[in-house]
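# Per-entry structural report
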Amino acid sequence: MTIWEMLAVFTAGISAGTINTIVGSGTLITFPVLLATGLPPVTATVSNALGLIPGSVSGAIGYRAELAGQGRRVLKLAVGALIGGLTGATLLLALPSTAFETIVPILVTLALVLVILQPRISRAVQRRRESSGRSARTDGGPLLFVGLMLASVYGGYFTAAQGIIYLSLMGMLLDDTMQRLNAVKNVLAAVVNSVAALFFLFVADFDWTAVVLIAVGSALGGQIGAKVGRRLSPTVLRVLIVAVGTVAIVQLLLR
């Protein structure tokens, strides 16, 4: 890489770490930049997954206050994320690079619709629980576990917009604040990135220069994202999710 390419990758890492912590979809920044430096698509994907681990961990640490009291929930959902992330990483090396191109924009669009409708859906679910006398499950039940595991398969494969999918599923099936759900999202993203990256270390090619630049940049971005994201109101956070998700859909369709 030239010095300018290295600077571009580092800057993309900061931006991705910030956006991933607040919403998700940071890969839509780093991945095109890595391709522009001349890396092959699979090498770029693997290098990106390795580089984003510190950013995911940094963002999760920044949201540690919102994680208080969610230990059992996070542990259970993290198991599904680990299984899904490892499966997705395996598929990345086994399937053609175009395998997910058709379904991903549809998946992200559905997630955005759920994010928009989440307050109304939550109220309807709450009324149904009250009328039936049942209490809400604090872990979201089997439906959330399976949904997040499937989302993690996609996350291990490509990662772009996986955070939006996580938030839409948890917002619909868990009775909790957006900030606390965002904290869980950051932990799950860290799990998926880590397990996929560890798998790639042994079976795939990657570029150490790109990995280090994104790693340092995303770690800084994770702290920035945590400071900014934790100050956003639920409405503003929801609007930001929809805005970033819409840009993600457009970029995925134009690829």
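Given the structure is predicted, the values throughout are model-derived calculations rather than measurements.

### Some remarks on the overall build of the chain
The helix and strand inventory of the chain stands at 11 helices and zero strands. Secondary structure elements in the chain, listed N-terminal to C-terminal, are α-α-α-α-α-α-α-α-α-α-α. Burial status across the chain gives 52% buried among its 255 residues. A fraction of 85% describes how many contacts in the chain between residues 6 or more apart in sequence connect residues 24 or more apart. As displayed, the chain offers around 11500 Å² of accessible surface, 70% of which is attributable to carbon and sulfur atoms.

### Quick notes on the packing of aromatic side chains
A full pass over the atoms with the stated rule returns one aromatic pair. The interplanar angle of 85° and the centroid separation of 5.0 Å between the aromatic rings of phenylalanine 206 and tryptophan 208 together place this pair among those described as edge-to-face.

### What about the packing of helix H1 (residues 3-22) against helix H2 (residues 27-36)?
As a packed pair, H1 and H2 sit with axes 8 Å apart at the nearest point and diverge in direction by 165°. Put simply, H1 runs roughly antiparallel to H2. For the crossing formed where H1 meets H2, the hand is left-handed. Taken together, the residues of H2 that come into contact with H1 (itself represented by Glu5, Ala8, Val9, Ala12, Gly13, Ser15, Ala16, Ile19 and Asn20) are Thr27, Ile29, Thr30, Val33, Leu34 and Ala36. Residues belonging to the contact of H1 with H2 are distributed by class as follows: nine nonpolar, five polar and one charged.

### Some thoughts on helix H5 (residues 71-94)
Quick reminder: α-helices carry 3.6 residues per turn. Residues three or four places apart thus point the same way. Look at H5: 34 Å from first C-alpha to last across 24 residues, which is about the 34 Å you get at 1.5 Å a residue. Listed in full, the buried residues belonging to H5 are Arg73, Val74, Leu77, Ala78, Gly80, Ala81, Gly84, Gly85, Gly88, Ala89 and Leu92. Those residues of H5 hidden inside the fold are in contact with helix H3 (41-51), helix H7 (141-157), helix H8 (162-173) and helix H9 (178-203).

### Description of the confidence of the model for the chain
Here the chain averages 80 in pLDDT, while 79% of its residues score no lower than 70. Per-element confidence in the chain ranges from a low mean pLDDT of 66 for helix H6 (residues 103-132) to a high of 90 for helix H10 (residues 208-229).

### Some remarks on the nonpolar core
In this structure, Leu77, Leu144, Leu148, Tyr166, Met170, Val184 and Leu188 are the most contacted members of the largest nonpolar core, which totals 26 residues. Sorting the residues of this core by element identifies H5, H7, H8 and H9 as the ones contributing at least two each. With seven residues, H9 is the single largest residue contributor to this core.

### Points about a nonpolar patch on the surface
On the surface, a cluster of nonpolar side chains totalling about 960 Å² of accessible area is made up of Val42, Leu93, Leu198, Leu201, Phe202, Val203, Trp208, Val212, Val216 and Leu220. Elements represented by at least two residues in the nonpolar patch include exactly H9 and H10.

### Points about empty space enclosed by the protein
Inspection of every chain in the model, using the stated rule, returns two cavities of 30 Å³ or more. When its volume is computed, the second largest cavity comes out at roughly 40 Å³. Every residue along the wall of the second largest cavity is listed here: Asn20, Thr21, Gly55, Ser56, Gly59, Ala60, Asn186 and Ala189. Every element with two or more residues in the lining of the second largest cavity is listed here: H1, helix H4 (53-62) and H9. In terms of residue count, H4 provides more of the lining of the second largest cavity than any other element does, four residues in total. Residues that form the lining of the second largest cavity fall into these classes: two nonpolar, six polar and no charged.

Basis of the calculations
Residues numbered from 1 in each chain as written. Predicted model: local features only at pLDDT ≥ 70, side-chain atom pairs only at ≥ 80, totals over all residues. Heavy atoms only, no water. Helix = DSSP H or I, 4+ residues; strand = E, 2+ residues; numbered from the N terminus. Buried < 20%, exposed > 50% of the residue type's maximum accessible area, 1.4 Å probe, protein only. Contact = heavy atoms within 4.5 Å. Areas by Shrake-Rupley, 256 points an atom, 1.4 Å probe, with all protein chains shown as cover. Phe/Tyr/Trp six-rings, centres within 6.5 Å; stacked < 30°, edge-to-face > 60°. Axes fitted to C-alpha atoms, helices over the stretch in contact; angles between N-to-C directions. Parallel < 35°, antiparallel > 145°, perpendicular 65-115°, else oblique. Left-handed = near helix turned anticlockwise from the far one by under 90°. Nonpolar A, V, L, I, M, F, W, Y, C, P; charged D, E, K, R; others polar. Expected span 1.5 Å × (residues − 1). pLDDT = per-residue confidence, 0-100. Core = buried A, V, L, I, M, F, W, Y, C linked by side-chain atoms within 4.5 Å. Patch = residues over 30% accessible without salt bridge, like charges linked within 9 Å, V, L, I, M, F, W, Y side chains within 5 Å. Salt bridge = Lys/Arg side-chain N within 4 Å of Asp/Glu carboxyl O. 1 Å grid on protein atoms, 1.4 Å probe; cavity = no way out; pocket = protein on both sides within 12 Å on 5 of 7 lines; lining within 4 Å. Points joined across faces, edges and corners; volume = space filled by probe spheres on them.

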